Amino acid sequence: MATMTYREALNRAMDEEMARDESVVLMGEEVAEYDGAYKVSRGLLAKYGDGRVLDTPITELGFTGLGVGAAIAGMRPIVEWMTHNFALLALDQVVNEAAKLRHMSGGRLSVPIVFRGPNGPAEYLSSQHSQALASYWVHVPGLRVVSPSNPADAYGLLKSAIRDNDPVVVLESELLYGDKGEVPDEETLVPIGKAAIARAGTDVTIVAFGRPVKYALEAAAILEQRGISAEVVDLRSLRPLDEDTIMASVGKTGRAVVVDESWPAASVGAYVAHRIASERFDSLDAPVEFVSSEDVPMPYNHALELAVQPSASKIVAAVLRALYLEA
Amino acid sequence: MAISILMTALSPTMQDGVIAEWLVAEGQTVKAGDALCEIETDKATMPYESPRAGTILKIIAPAGHKAAVGETIAVLGKPGEDWQAIVDKAQAASTAAPAVPQPPAAPLPTLSTQSAFPALGPSAHPPAIPVQVFSIQNADPAPAIPGTQTSQTYTDHPALPSGQPPSSPLARATAREHRLDLRGVRGSGPHGRVVQRDVLAAASNAQAAVPATMPATHMIPTQGSMAPRNDAAAAISRPARGALRSGLRDKRVPLSKMRSIIAERLGASWTQAPHFFVRAAVDMERLLELRAAVNEDRERPVSLNAFVMRITAAALERHPGINASWEGDAIRYRPAADIGLAVALDGGLITPVVRACERKGVEQIDAELADLVPRARAGTLFPAEYSEASFTISNLGSSGVEEFTAIINPPGSAILALGAVSKEAVVRGDAIVARRTMRITLSSDHRVIDGAAAAAFVGELKALLEEPARALL
């Protein structure tokens, strides 16, 4: 096992897939000459040339559409969005084209494309550049959506995404890019649609995805000191959702806390909480607790910026409520 | 932050309660859940548990005082806090009579029992059971973010009409597993919600309690108490000797709440309901053999009462006119055989009710009795557990009485009195044989039930008890 950063793990996935399959190309703002705004594509231009690693104009709708067209024509493009905040401009190509063409062509067209980039808050980026937009993609049938929380999953899920014959949106995180973790030396694919038990436990299930998985694990460690055994389910894939793993865990623990760094309304976390309440009604000892960001545009003030987001202590408090142990 | 401890409604109709006894003194430190005082309601005396930890700053309502629901009976807080201010504030809040909900923007200085439902419109009736039984002074307002969803809280939790406490689905599943009636379980969750830990605790208590209380049974023969007459006669002589020696004293005992309720209700029943009595002698051989067969491999034997209740329910199904209530201008036929069983207590009696016996198996009825009867003796039944019986059974068999008549327990219109099972010489064919026999007496309210109907019911009941297999049909 090699230890590498989340950024290097993504880079390795793209490198291996580009070496394996000539139809894989990378396009986006500053992905080539500048090695990527967050250096995820470092070295790929030098290795694969400007025919396969392409700098695009600052026009998300344009180059996303270019990618969709190339995918229909037989390429396997990776479209890097500098952040998901900017991908809002490309919504039409993703939602109306990429997600619909297999269905509307009666299965004659497929769109094997990856849309990837950092999602969710970083720091000091204020309201327009700190958004957690998972719901925008998870809402849409025809897309797959993954959200790796660690380097090994970033590597394995991105490889699976590139090989998938349908459009896959990858939700990365700027604040995870520098995180280190063990990644298998041998080539490994993490299947899309399978959640992971990030930590086993018996008293309560904490469901999270992406960066908040770290907080969930921190919370579980704090809870352990209080004698509470928390199981952490890392969703990894948001669409399709691995309900079997979630329901098995909640069926076992009888209590659920769902964590989502996006706003509460119409969020992935709200949907997961609803599914748990429906499918595991008879197993629940307490209402499903939900820890999300506050329902406000992101404040610039750093103290407030941190205060509105999920945190380990908020998750601990939610677990204590679910266990009726709150002071 | 001192809080008022308010008199709380322990039944849907309770308007006031008497403080039977204070279990704590001023200045004493208490934990959440510690019993502060005993409150006498219609029938049960229930402990009042402290809603939180603190020091008893002041006892406002002394023992013996009758306090209206919502009245401050004590103040809890930190030593040195000003209890007078809390009392004044609580009084001001209750006299303000907040019929119109307070504007949501205002801070919530006092959540009295009435203002605990700010979400209800002005025309809405306040729920019968106040959810908030203590008021919170100077509650820290949550840091609200305007126009956001997460800061919303929902405070209206109307009481459930059945008196059944709210419970989590897992608690209900666990209760089913342990054959436990949730109505008897006290919830520790928010708004009295019964959660899993409450059920598990109740289940382990019930398990511990059942064998221990069995021998103490005297009105409810459960185990071997349907004994032949000579055993029962011995049972009579035992308490009598000890009791007489210390029993004769000249003293005047003021009525307990329970005593006065019994006096009032049974007095009214006896004088208002024209009682008449129909008797029968029941050959119990078949039923006792059936019970013995059922109990052969059981750790805890199924009580004879459970069998009798189940068979009585079958008879009531065939004679719905017996399962009815007099309502002055109408007779209400009851949709289920909710059978009460009289349980003797020190200084009174109470009739826990097994609901819908016609839909339950003997085993389930027995399990419910095993839960209800010990709690009936302990005085911890909830009002919903001892009210609204559609029919009642009183069993003095274990005291050895041959037969007796009972006074109808309203709102039912009939009560069945069971005597002891004893061997009698009976004629079968042309032979005289010894058969175990039980005398039963049905008291009926003639306003509801006529003689022929009572006779038909008793005949049916006798036939079913003598040939229990017929009850299965």
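Residues numbered from 1 in each chain as written. Chains lettered and ligands numbered in written order. Predicted model: local features only at pLDDT ≥ 70, side-chain atom pairs only at ≥ 80, totals over all residues.

A. Geometry of the sheet that holds strand S5 (residues 114-118) of chain A. Residue and element names in this part refer to chain A. Within the open sheet, the 7 strands sit side by side as S3-S2-S4-S5-S7-S6-S12. Their pairing is mixed. Strands at the two margins of the open sheet, each flanked by one partner only, are strand S3 (53-55) and strand S12 (237-239). Taking each pair of neighbouring strands and ignoring which way they run, the sheet shows an average axis angle of 20 degrees. For strand S2 (residues 24-28) and S3, the ladder comprises 3 bridges, and the chain directions are parallel. Along S3, the bridge assignment pairs Met 27 with Leu 54. (Pairing = 2+ DSSP bridges. Helix = DSSP H or I, 4+ residues; strand = E, 2+ residues; numbered from the N terminus. Axes fitted to C-alpha atoms, helices over the stretch in contact; angles between N-to-C directions.)

B. Local environment of the sheet that holds strand S4 (residues 35-40) of chain B. Residues and elements named next belong to chain B. Spatially, the 4 strands line up as an open sheet ordered S5-S4-S2-S7, and their pairing is antiparallel. What marks the edges here is a single partner per strand, and that holds for strand S5 (45-49) and strand S7 (66-68). Adjacent strand axes in the sheet meet at a mean angle of 40 degrees when their direction is disregarded. As paired elements, strand S2 (residues 16-22) and S4 share 4 bridges and run antiparallel to each other. Looking at S4, one finds that Trp 22 is bridged to Cys 37.

C. Highlighting the interface of chain B and chain A. Facing 13 residues of chain B, the contacting portion of chain A comprises 13 residues. A total of 4 residues in the side of chain B that touches chain A trace back to one element, the largest contributor, which is helix H2 (residues 169-177) of chain B. In terms of residue class, the side of chain B that touches chain A is built from 6 nonpolar, 7 polar and no charged. (Contact = placed C-beta atoms within 7 Å. Nonpolar A, V, L, I, M, F, W, Y, C, P; charged D, E, K, R; others polar.)

D. Region of interest: the environment of Leu 345 of chain B. Residue and element names in this part refer to chain B. You can see Leu 345 is positioned in strand S13 (residues 343-345). Given 15 C-beta atoms within a 10 Å radius, Leu 345 is considered partly exposed. Residues Leu 345 and Arg 377, spaced 32 residues apart in sequence, show a C-alpha to C-alpha distance of 5.7 Å. Residue contacts for Leu 345: discarding those within four places in its chain leaves Ile 350 and Arg 377. (Buried ≥ 20, exposed ≤ 12 C-beta atoms within 10 Å, placed from the backbone.)

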